[in-house]
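Working through the structure, step by step
Here are the chains, one letter per residue:
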Amino acid sequence: MFDAHLHIIDPRFPVIENDGYLPPAFTATDYLARVSALGVTGGAVVSGSFQGFDQSYLLDALRVLGPGFVGVTQLPASVTDDEILRLDEAGVRAIRFNVRRGGSASIGDLGALARRVHDVAGWHAELYVDARDLPELAATIDRLPAVSIDHLGLTGEGLPHLLKLAERGVRVKATGFGRVDFDIPSALRAVAAANPSALMFGTDLPSTRAPRPFADEDITLVVDALGPELAAAALSGNAAAFYRIEP
């Protein structure tokens, strides 16, 4: 399994209170222990709102987690090309725009900054956004070279907008099952029908602020909903290709 969405919270590095919330520690060592029985071969360490533009925790986590793991970071619009290339060399492969909780560059920077990191280093953009808001961003997203949406878009009301983007090549993270307000198996099948390459499963560990945290049974849910071939793509193949993981 390639874990397409996980967070590392290491108190040795800066953590910023966000909306009155400070996450508990969940180090790279904690993560490896938690997934030791799940067959994880790699994953994407995603910067959270509470980490702002700090890169020190991410670079340390990638060193500890080792080959197969990549980073998804948050950067200000003022970032230099040299810094983007430095992070790429360390294993960062995407930039995140946290529309829902902040901590990232603003949505006004999405178009220009997402295109620049792709031009400089081949990175894609990841959006943490309620899918109900996607129509306002659709024109911008359509002009971007590569995009993914976190947590199945969060809301059933926004699912039709998410499916339209999936049909056009936008990837969808099958993550945060405890955060959504709809039937997950039905949504997984709908996204896979719109684009078999779209779904990328992740644990979302340690499930910060989620009403229900990740459970091992969420993996079984994916297999049962999609069947063996589509589940294998969602659990590993799609994300490994999107994050450009060497075979």
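Residues numbered from 1 in each chain as written. Predicted model: local features only at pLDDT ≥ 70, side-chain atom pairs only at ≥ 80, totals over all residues. Heavy atoms only, no water.

1. Considering the packing of aromatic side chains
- For the coordinates displayed, the defined rule picks out six aromatic pairs.
- Each ring, one from Phe201 and one from Phe214, has its centre 6.5 Å from the other, and the planes form 55°; the classification is tilted. With Phe201 in strand β8 (residues 199-201) and Phe214 in the loop between β8 and α8 (217-226), this residue pair connects regions lying 13 residues apart in the sequence.
- On the basis of relative accessible area, Phe201 is assigned to the buried category, the value being 1%.
- What makes Phe214 buried here is its relative accessible area of 8%.
- Put simply, the rings of Phe2, Phe242 and Tyr243 pair up and form one aromatic cluster. (Phe/Tyr/Trp six-rings, centres within 6.5 Å; stacked < 30°, edge-to-face > 60°. Helix = DSSP H or I, 4+ residues; strand = E, 2+ residues; numbered from the N terminus. Buried < 20%, exposed > 50% of the residue type's maximum accessible area, 1.4 Å probe, protein only.)

2. Some words on the side chain of His7
- Here His7 lies in the loop between β1 (2-6) and α1 (28-34).
- What makes His7 buried here is its relative accessible area of 5%.
- Engagement of the side chain of His7 in a polar contact is seen with the backbone oxygen of Val46, the distance being 2.8 Å. (Polar contact = N/O pair within 3.5 Å; in protein donor to acceptor, adjacent residues only side chain to side chain.)

3. Section: helix α6 (residues 159-167)
- Within α6, burial applies to Leu159, Leu162, Leu163, Leu165 and Ala166. The arc enclosing the buried residues of α6, seen along the axis, measures out at 160°, which places them on a common side.
- Packing partners of the buried residues in α6 comprise α5 (134-142), β6 (147-149), β7 (171-174) and α7 (184-194).
- Gly169 sits one or two residues past α6 and shows a positive phi near 105°. (Arc of directions from axis to C-beta. Contact = heavy atoms within 4.5 Å.)

4. Focus: the pattern of salt bridges
- What the rule picks out here adds up to 14 salt bridges.
- With a closest N to O distance of 2.8 Å, Arg12 and Asp10 form a salt bridge.
- Overlapping salt bridges bring together Asp10, Arg12, Asp60 and Arg63 as one network. (Salt bridge = Lys/Arg side-chain N within 4 Å of Asp/Glu carboxyl O.)

5. Focus on α5
- Buried within α5 we find Leu134, Leu137, Ala138 and Ile141. Buried positions in α5, seen along its axis, are confined to an arc of 135° and lie on one side of it.
- At its buried positions, α5 is contacted by β5 (124-128), β6 and α6.

6. Examining the environment of Pro160
- Take Pro160: it is sitting in helix α6.
- Taking the C-alpha atoms as reference, Pro160 lies 8.5 Å from Ala131; in sequence the two are 29 residues apart.

7. Focus on the environment of Ala121
- Looking at the secondary structure, you find Ala121 in helix α4 (residues 110-121).
- Judged by its relative accessible area of 12%, Ala121 is buried.
- Taking the C-alpha atoms as reference, Ala121 lies 23 Å from Arg168; in sequence the two are 47 residues apart.
- Residues contacting Ala121, with those up to four places away along its chain left out, are Ile84, Asp88 and Arg244.

8. Some remarks on the packing of α8 against helix α9 (residues 228-242)
- Close contact between α8 and α9 brings their axes to 7 Å; oriented N to C, the two are set at 140°. Considering their axes alone, α8 and α9 lie oblique with respect to each other. Both α8 and α9 take part in a crossing whose hand is right-handed. Touching Ile219, Val222, Val223 and Leu226 of α8 are Pro228, Leu230, Ala231, Ala234 and Leu235, all from α9.
- Looking at side-chain class alone, the contact of α8 with α9 contains nine nonpolar, no polar and no charged residues. (Axes fitted to C-alpha atoms, helices over the stretch in contact; angles between N-to-C directions. Parallel < 35°, antiparallel > 145°, perpendicular 65-115°, else oblique. Left-handed = near helix turned anticlockwise from the far one by under 90°. Nonpolar A, V, L, I, M, F, W, Y, C, P; charged D, E, K, R; others polar.)

9. Concerning the nonpolar core
- Counting 72 residues, the largest nonpolar core has Leu188 and Leu199 as its most contacted members.
- What Leu188 contacts, discounting residues up to four positions off in sequence, is Leu152, Ala174, Phe177, Leu199, Leu221, Val222, Ala225 and Leu226.
- In terms of nonpolar packing, the next biggest core, distinct from the first, is built from twelve residues, Ala4, Ala44, Val46 and Ala146 among them. (Core = buried A, V, L, I, M, F, W, Y, C linked by side-chain atoms within 4.5 Å.)

These figures capture arrangement, not role.
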